Each structure stands twice: as structure tokens, then as C-alpha cells.
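# Summary of the model geometry
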Amino acid sequence: MPHVTFDSQSFSIDAKRTWLVSGAVHYARTPRGLWADRLRAARQAGLNCIETYVFWNYHETEPGQFDFTGERDLKAFIEEVGRQGMWCILRPGPYVCSEWDFGGLPAYLHRAAHKAGQPLRIRQQDPAFLEAMNRYLRAVMGQVVDLQATAPRQTEPAPRLPDAPANGYAGQSGGPILMVQAENEWLSHHPDQQTGYLNRIARALRQHGCKVPINNCNNLWQPIEGTIDTWNGSRDLPAMMRQVATLQPDAPRLVTEYWDGWFDAWGSDHRDSVDADLHSYRMAGITGVGAQMNLYMFHGGTNFGFFGGRTVESESCYMTTSYDYDAPLNEAGGRGNKYQATKRHCMFANQFGYVLAHLDRQQHVGVAPGEESHALSVLHQHGGQGGLITVLKAKNDRTAQTDLLLPNGLTLPVPLKGLRAAWLLLDTPLAGNATLDFTSLSPWAMVDGRLLVLFGPAGSSGVFSIDGQHFVVEVPKGKRPTVVEAGEISVAILNTDQVDAAYIAPVGLVVGADGIDEDGHPIPLPGWATQTTIAFDGTTTRKRTTTSPAPDAPKLAGWETLPLNDYLDGTVETYRHISGPTTHEQLGQDFGYGWYRLKFAAPATGKTMLPVGGDRVHLYDDGKLAALHGNGPGAEPGPFTLKAKGQLVALTDNLGRFNFGQRLGKDVKGIGSHLYTVKPIKLGKPDIVKQPAGDPFAVEGYASHRRSADTPMAEALVWSYKPTSRRPVVLEIDGLPNDAVLTVNDAPTHYYAARHSAFFLRVLLDPADDGPFTGGANEIKLALTRPLDDEAEPTKQVRAYQTETRLTNAGKPTKSGDTGWAFAHWVEPAADDAGWKKLPKSTPSQPAWFRCVFSVDDTRVPLWLEPTGLTKGQLYLNGHNLGRYWQQTRESSPVGPQDRYYLPEPWLNTDAPNTLTLFDEHGRAPRKCQLVYNANGPYREV
């Protein structure tokens, strides 16, 4: 049985050191028919390992009901990783974050409760949560237990692909899983929760068959017994890795998430702050201190369906459908500048992993890297298989060449023109045939033990030495590489453009390619009329190539529409009576939209509020829009004006649950309270009282970026309030710069985390509940966790409203069970629904479905929908839920940043018609929508 071990330098498999060059590809964000393509692109970029999350809510929608079939076939994905010759890091959570709905946790947890009636405490030592977690981890390990690197090989391995990485998985064991992660980003310090929750995750993994190493990614906040501490982040990673090495001397350094891009949110600008040069700088810095890395993301993919989450940058930070992430491999599999930068460095780290895996853990003093400062940084590591020198150049540094003083006294001129990073090897054995004494050009690959590939700026002078023989070369200009014979070794000299167009193929090194296809043939690269192939023995051949133009995009025509008048007037027979305010989660509408029918106890006059619910609520009176309440562009988040009487219909929209922070699990969807008319309460200036800092752990078992028992002296803001009636009071905290614990009459009730609560908290205080708020005198206190800034004005961050009229009815049910409340599930209509009709010349501004049929006979180039003229809604292709779109508000203000929506090739029919179905919240007709072929991605400016 194979063994996986580790020490301070690297992982080892059966005593052979292995250096991980990893990238994240999430199978849930990529159609199954594209898994092989995306993994092949990772392999050709030099990766030898794939990291993937397992999203709990993707596999278990109800307790005990698991689905690991079809697109959800976790086992098949990992087997494909192995077939591509790569290892796997599996990250099953149970919490994963990842900008995914609820951080991967299943919505049914909202319906679960203790016998005492208390809600579940997630990510804590809550018995009910631990039971559900254990069931989930048992199911996951049941799928993959035989795919671990420690498992005996069950069958003969699949044929090794001709261009698979040299030090990746080769079928030598039961499977490619090399490491499993326990939980994710538990960025808090609480020893009791370590014992009662975190250690139980690791223990559950072991009990259910995990034999490989287990890591945590808590950034040293809270260790987990028996696991490896790893890190995530993007800046200052060399320094962080040195810190980890000091605190964890017996395990390898690993950046489990090096953030090479960032997510996009509706209504915000597109994030592309990590360009290819900065990406190269950061990767080189990680490797330069002897650390392994996982690119998060290598390929981001798509938030199909309703799985895009919500995060804490603002109250309305909801993820776009595209999870392109500005990753090296874009959403539709395109390879741009960042992919080429990845390939430059990762191919080196893969091909010379034997050097990196033997580097001593001793850290040498160097000039600290500074991304923005005007300075060169030099990092030097050495070990049993040679030494590594890394030169990093700050953004505004214009150094074209620097001279390094080698240990033997020689001066090595290193060309840097146009580069942010260079990596050099010393005293490195080359496949047992020779020794690379030194080089001023960056090594890229050692192909078949005979062909060494070096690269540098075009036109620069380079020098290298093999077995004591020195060579001075000029890096070629143009597109034709140079080959130098050095004894038994052939050395290919490439410029940066050439190395970006270089791929390792079964026949040798091909320069002028756009990848290698599944049959091992080079793909022509636009702009390169000639491909050069350098065989393993150094002989060179050239051939002419041509690329085909993109096909003409299909046309969209023949639209049909399905109006929803019967939903809007409340007459559709699918409405069912409910007892009163009930959230989506309680009603089993875990994702997407829902329909409510409400009867009013009194006409609506004045300012109205829905204290509990989300995310967006369209309220219709007699089929006409009366208000749009909630978050995001075009909606009113605070008290809103509502003029209605008798009956309302509400279209409620779940835009994604928090995936991170203190409000994880606390943002219910739909309508969770009555609608009230309200009036503001003048709380006045609070008394400021010196006292120990508020303790968030008195309210939560998990408090992000907080340490338990850390309660220095701070201040508390105290208000005295006696309501004019026993009606509920709504309290809002918005933008307070300090974390604070809310106490009502000395009872801690809520924790406001300024950084991780989206800067907003709304609390419904109801004297009718069992809580501490009463109809008499009340003390409302915000116990701050640090002293208040002099400039802070808490009266502007804390608001209160007295509810006046409860508008919605929920009295004693009639004999028919009518309480004045009803609910209908929102579903995609059937293809044979009799209501479909030809699209009229004009459509009302009301929710409606639309569809058309189109044909496709070419899927060589990715196909995208540009939904010009639409507002906000949902897209379906041949029954597959492609995700949300959001182009503009009802008032036609643009939203963005996403311009295009991906139609994956495996979900397109080339031998039958394709049906595109869409739901538009405001009934905008799709006459201006168009399909486009584009290799770049979801943004027009790219």
C-alpha cells in the first residue's frame, strides 16, 4: 500500500519527494462534458495537481438525500484528474466559502431546529449540526475512499497521456487524492470550539476512511489537531510563508489559496487588478521562499443555477453568474496573457520540482519584496538538488539588467527588460546526464531528459554553464528559437513570446501553438503562420499553419411568451394557504423566486417596512407594481412608500445567501415577518460608558477575526427607550466602524461585526416574543470591542423605527384554512404549457417567460448570449439553468458588470434544435438579444 508522508521540505509518496503545482477547478462550476478540456489546459500550463471544493448543498438538498450522479459525479471528476496525470487536493468543508450560496452549506439547515426550538448554530459544536456534518462527510468519503493516494491500486491505470507532467499522478496508487482539507477559513480563536467542532471534523474524516494528510486553511488563527497549517491570500505571501515555516517547522509550506484574481458582484466594476505581470511576480515570490501553491482560481467557471452567493463587501454584494475570477483560464476555456504567465512559471516549478522539493527549510536573509516600491528583491534558497535564485522587480522599476554575485565569485548578468520576475538555478543535475552550473536565463523545462529550455527577453544576452562549459548566447528575436548543443544536452533558447507559444508534445517542444489537442496534435495559434518543432535530440523542423475564422453566430427569432397574469392576480391554482409570514427556507423554496399572496388588514398609508425577509420583493396591487423593496440597483432598501389595499401579490427573489462572515446562516429569504407602517424613533445621543469590551462569544460560538477572552477596556453606547405601545420596534445598525455586541436589558442578543456583517444589521424587537425587549422601559446597549473613534457619530449609524399598523392579515383561519396568506412555488414552465403564444408587438412591464429555438452546427468557439434590452431574470438552455442575468433596472439604468452569458458546448445540440428560455422580472421583450461567438470571456471590454 503506498504511503504519503511529509516533512519541512515537501510531500513524499513512497519516499519520493513530490512538489505540488496546483490550481483550483470546481467541477460544480464546469459542465461534465468540459472537465477533460479544462484539466488538459491545466496540465499544459504546467500544473500537476488540481484542487476542488465539494459543495455540500450541491449534493444533499434534504437530510440523507444525496446525489453524486451526472454533473454531480465527484468520483468521475477525480478519476479524470488522475487520467490527466495530476494529483488532487480535496476540500469537502463542510463549510467552504467560495462565493457560493451559504458557503456550501445546505439550505435545509434553516429548517432544522433543536427540540428546544432554537435555531441551528452552524460551524460550531452544535449537536444537530455535528450530526448533519458527520452524515455528509461519511457520504463524501464513501465516494472517494478508494481514490486516495494511499489506497491500493484496484485496476490497471488508464493509459498515460503523452504530454502528462513528469512528476504528477501516474496510476501508481488507488487514486490521485493527496490531501484533504478540514473546514475552511475558521478565522477565529476559540479553544473550546477547536475541541468540540474543528477536531471533530478531522476525526470524522479519519473515521470515514481518510488516510492521506489533512490540512486546515485557518491562517494560523486556530490550529486543528493532526492537520497541516496552510495559508490563503494574495499579498506579502513570501513573508507569510516564512512565518508559517517558523511556527510549523515539521511540515511543508503551502499557500492553499493564492488569489490570482477576484470575484465580480452585480452593480460593481469588473475586477481585473491582478494583471499577468503582477501574477508572475507573486507566483515567483511564493516559490522563491520554498513554498508550494494552489492557484485560486486556475479556472473559475460559472455559478450555474442559483448557486452564486452573497458576501460582505456591502449589503448588496451578490455574485455574478460568471465566476470567471479573472483566472488564467477564462470562463469558456480561453487562454490569455495570465494563462501564459502561469505556464511560464508553473511549467518550471513542475519540471524542476525535484530541485524545489529538496530545498533546505533554512531561510536566508533577503531584500523584502515590495510590489509597488522601486526596488529589486533577491531570494536565495539551496538544497540537495541545487539552488534557486529568484529576482523580483517592483511595478515601477525599470531595471533592464542586474548583476548577481555567485558563490564562486563570478558575476552573473541577469536580463530583466519587460519582466517582473526571473528564476535561476545553480548546481542542478539535469536528468542524470549533466549538471547546470548556473544560468542567467530562466529555466522553463527539461524535456525527455535531453532538451533543456531557457528563456529571456528578446535580444538580450544570456549566459549558462553546463558541466563547466560556459555558453554565451543571444536570445532570439522574432518567432524562430535558437538551439545550442552542450554535450549530450540540447539547449533551446526562447524569448518570452516564444515560450508563451511553446507546448510540450509527444514529438518534442512545439513553438507557435495554442495548446495540444486530445490526440496530442499542436493547435494552430493565430498570428503564428509557422510552427517550429524541436525534437528531443535538438533537431528542428518547421511547418506552415492556418487558423479558421470564427463561424457566423446563430440568429434568435420566433420568440414566444408566457404571461403570468394568474400569478399576479392570485388566481393560479398552485397557491396554497400558509399560516402567516413564512420564509422560503421554511417553505422548501431553497433557491430562486417565490410567489406570495397577501391580504391586508388595513389599507397601506405612509412609510412601510418588511423587517425580516429578502432579498428583493416586488409587490403588486391589482397586477401593477406597487413597490420594489430590498437590495441592489433599482430597489428601496429602507422604509418605502406603499399605496395598496385589499390584496397584494409578492414576487420574492433569493439572490444568494451570505457565504462568509457573521451573518452566515442569518439572512433568510422571502417574507419572514408582517409588513408594517413605521415611523422613525428619535433615540437621541447615547450615554458613553467605559467598560470591558463586548464579548462576541457571549452571542456566537464563532466570531470572525476575534480571539476568545480578549476583552480589553472599551466603551458602550447606551440608550434608554420606552415604547409608546407594545408593538415591535425595528433597530438598524449601518456603517458603525466598530464591532459591537448588542444587549437589551443586559441580555446579549446580537453581534455586529463591522468588517464581516456587510456593515448592516437589522433587528426586530418584539415584546410578544420571549426575548428581553419589553413594552416598558428598556436599556439598549452597544458594547464596543474597541474604543470609539473621535470622529464617529453613532447616532447616524444607529436608527430605530416604531411599527404602527400591521398591514398583513394572519388571523384565525377560515374553514377553508385561509389566514390571508398563500404561497406558490416558482418553477420553469412546461414546454407544452397551453399559455405559450407568439410574442406580441408590445408587452406589459410584468414578470413573464420568453423562449425561442435556434440551431448550432459549430462549437469550436464559445457561444454567448448578450441579453440586450432585458432587465433581470433567469436563463435556461435546453433545460439547463444557466444562471441569473442582470442587465438593467426597471428604469433602464445599467447594472453590469457582466455583459455576456456562457452557453456551454456540451449543453448545445448540433444535431437538433436548441431551446433558449428566459424569465424577465419586468417583462422586457428579448427582441434585441443576440448570440455571439467569442473566445475571450463575459466582458465586452476584454
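Presented here is an overview of the structure given in this document. (Residues numbered from 1 in each chain as written. Predicted model: local features only at pLDDT ≥ 70, side-chain atom pairs only at ≥ 80, totals over all residues. Heavy atoms only, no water.)

### Looking at the overall build of the protein chain
- Scanning the protein chain for helices and strands turns up 13 helices and 64 strands.
- Relative to a compact globule of 942 residues, whose C-alpha radius of gyration would be 30 Å, the protein chain shows 30 Å and is just as compact.
- Based on the C-alpha atoms only, the size of the protein chain along its principal axes is roughly 95 × 70 × 55 Å.
- The burial tally for the protein chain puts 63% of its 942 residues in the buried class.
- Contacts in the protein chain between residues far apart in sequence, at least 24 positions, make up 73% of those at least 6 positions apart.
- Carbon and sulfur atoms provide 48% of the accessible area of the protein chain, an area that totals close to 34700 Å². (Helix = DSSP H or I, 4+ residues; strand = E, 2+ residues; numbered from the N terminus. Rg over C-alpha atoms; globule rule 2.2 N^0.38 Å. Buried < 20%, exposed > 50% of the residue type's maximum accessible area, 1.4 Å probe, protein only. Contact = heavy atoms within 4.5 Å. Areas by Shrake-Rupley, 256 points an atom, 1.4 Å probe, with all protein chains shown as cover.)

### Here we look at unusual backbone geometry
- The omega torsion across tyrosine 296 and methionine 297 is 5°, close enough to zero to call that bond cis.
- Structurally, the position occupied by methionine 297 is in strand S14 (residues 292–299).
- Here the bond from glycine 896 into proline 897 is cis, since omega is 5°, no more than 30 degrees from zero.
- Located in the positive-phi region is serine 892, a residue other than glycine, with phi close to 75°.

### So, helix H1 (residues 35–44)
- With 8 of 10 residues buried, H1 is to be regarded as a mostly interior element.
- Looking one or two places after H1, you find glycine 46, whose phi comes out positive at around 100°.

### Re the sheet that holds strand S48 (residues 687–692)
- Sheet architecture is open: 5 strands sit in the order S48-S49-S54-S51-S52, paired in antiparallel fashion. The open sheet terminates on both sides in strands that have one partner only, identified here as S48 and strand S52 (747–752). Taken over all neighbouring pairs, the strand axes of this sheet differ in orientation by 25° on average, direction set aside.
- Where strand S51 (residues 740–744) meets strand S54 (residues 778–784), 5 bridges bridge the pair, whose relative direction is antiparallel. Across the sheet, the residue bridging to alanine 740 is leucine 784, located in S54. (Pairing = 2+ DSSP bridges. Axes fitted to C-alpha atoms, helices over the stretch in contact; angles between N-to-C directions.)

### Focus on the sheet that holds strand S10 (residues 214–216)
- Taken in spatial order, the 9 strands of this open sheet run S11-S10-S9-S8-S5-S4-S14-S13-S12, and their pairing is parallel. The open sheet has two free edges, formed respectively by strand S11 (228–229) and strand S12 (231–233), since each of these has just one partner strand.
- Inspection of the sheet shows strand S9 (residues 177–181) paired to S10 by 2 bridges, in the parallel sense. Across the sheet, residue valine 180 finds its bridge partner in S10, namely isoleucine 214.
- Along the sheet, H1 contacts strand S5 (49–53) and S14; its crossing angle with S14, the most-contacted strand, is approximately 140°.

### Some points on the pairing of strand S42 (residues 616–621)
- Counted residue by residue, S42 has 5 buried out of 6 residues, so it is predominantly covered.
- Note that S42 and strand S43 (residues 624–630) share 6 bridges and pair antiparallel. Bridge assignment links aspartate 621 to a residue of S43, and that residue is lysine 624.
- Counting the residues that bridge the hairpin from S42 to S43 gives 2 residues, and of these aspartate 622 lies at a positive phi of roughly 55°.

### Observations concerning the packing of helix H4 (residues 127–144) against helix H5 (residues 191–207)
- Relative to each other, H4 and H5 sit at 25°, their axes nearing to 10 Å. Comparing their axes, H5 and H4 come out roughly parallel. Relative to H5, H4 is oriented so that their crossing is right-handed. Residues Phe129, Leu130, Met133, Asn134, Leu137 and Met141 of H4 form the contact with H5, whose own contacting residues are Gly196, Tyr197, Arg200, Ile201, Ala204 and Leu205.
- Residue classes in the contact of H4 with H5 are distributed as 9 nonpolar, 2 polar and 1 charged. (Parallel < 35°, antiparallel > 145°, perpendicular 65-115°, else oblique. Left-handed = near helix turned anticlockwise from the far one by under 90°. Nonpolar A, V, L, I, M, F, W, Y, C, P; charged D, E, K, R; others polar.)

### What about the pattern of salt bridges?
- Scanning the model with the defined rule gives 36 salt bridges in all.
- The partner of glutamate 313 in a salt bridge is arginine 271, with the nearest N and O atoms 2.5 Å apart. Within this pair, whereas glutamate 313 is found in the loop between strand S15 (310–311) and strand S16 (317–318), its partner arginine 271 is found in the loop between strand S13 (254–259) and helix H7 (276–288), the two being separated by 42 residues in sequence.
- The residue lysine 872 makes a salt bridge to aspartate 653 at a minimum N-O spacing of 2.3 Å. (Salt bridge = Lys/Arg side-chain N within 4 Å of Asp/Glu carboxyl O.)

### Thoughts on the pairing of strand S63 (residues 914–920)
- Most of S63 is tucked away: 6 of the 7 residues are buried.
- With 7 bridges connecting them, strand S58 (residues 848–854) and S63 associate as antiparallel partners. The partner of phenylalanine 850 across the bridge, within S63, is leucine 918.
- Here strand S60 (residues 872–877) runs beside S63; their pairing, made up of 5 bridges, is antiparallel.

### Topic: the packing of aromatic side chains
- What the rule picks out here adds up to 42 aromatic pairs.
- With a centroid separation of 4.9 Å and 70° between ring planes, the pair formed by tyrosine 596 and phenylalanine 823 is classed as edge-to-face. Of this pair, tyrosine 596 sits in strand S39 (residues 593–599) while phenylalanine 823 sits in strand S56 (residues 821–825), placing them 227 residues apart in sequence.
- One residue, arginine 657, lies across the ring of phenylalanine 591, its end atom 5.6 Å from the ring centre. (Phe/Tyr/Trp six-rings, centres within 6.5 Å; stacked < 30°, edge-to-face > 60°. Lys NZ or Arg CZ within 6 Å of the ring centre and 35° of its normal.)

### Remarks on the environment of valine 744
- Relative to the helices and strands, valine 744 is located in strand S51.
- Considering only alpha carbons, one finds valine 744 and valine 718, 26 residues apart in sequence, at a separation of 9.9 Å.
- Excluding its chain neighbours within four sequence positions, the residues that come into contact with valine 744 are Thr749, Leu765, Pro772, Phe773, Asn778 and Glu779.

### Some remarks on the nonpolar core
- Ranked by size, the top nonpolar core spans 174 residues in total, and within it Trp444, Leu452, Phe464, Ile466, Val491, Leu509 and Trp595 carry the most contacts.
- The element best represented in this core is H4, accounting for 10 residues.
- Beyond its immediate chain neighbours, meaning those up to four positions away, leucine 452 contacts Phe352, Leu430, Leu436, Ala445, Met446, Ile466, Ile489, Ser490, Val491 and Ala492.
- One finds Trp266, Trp886, Val895 and Trp907 within the second-largest nonpolar core, a separate group that totals 32 residues. (Core = buried A, V, L, I, M, F, W, Y, C linked by side-chain atoms within 4.5 Å.)

### Regarding the packing of H7 against helix H8 (residues 337–351)
- For the pair H7 and H8, interaxial distance at closest approach is 9 Å and the crossing angle is 20°. With respect to their mutual orientation, H7 and H8 come out roughly parallel. Helix-helix and strand crossings are classified by hand; for H7 and H8 the assignment is right-handed. Contact residues: Ala276, His279, Ser280, Met283, Ala284 and Thr287 in H7; Asn337, Lys338, Ala341, Thr342, His345 and Cys346 in H8.

### Some words on the environment of glutamine 401
- Along the chain, glutamine 401 falls in strand S19 (residues 401–405).
- Judged by relative accessible area, glutamine 401 falls into the partly exposed class, the value being 47%.
- When the C-alpha atoms of glutamine 401 and serine 842 are compared, they prove to be 66 Å apart, with 441 residues separating the residues in sequence.
- For glutamine 401, the residues in contact, after removing those within four places along its chain, are Pro413, Val414, Pro415 and Leu416.

### Some details on H5
- Its 17 residues give H5 an end-to-end C-alpha distance of 22 Å, which sits within 8% of 24 Å, the value for a rise of 1.5 Å per residue.
- Of all the bends found along H5, the most pronounced is centred on arginine 200 and spans about 35°.
- For H5, the full list of buried residues reads Gln193, Gln194, Gly196, Tyr197, Leu198, Asn199, Ile201, Ala202, Ala204 and Leu205.
- Buried residues along H5 sit in contact with H4, S9 and S10.
- Just past H5, the residue glycine 209 takes up positive phi, approximately 110°. (Expected span 1.5 Å × (residues − 1). Bend = angle between axes of the 7 residues up to and from the residue.)

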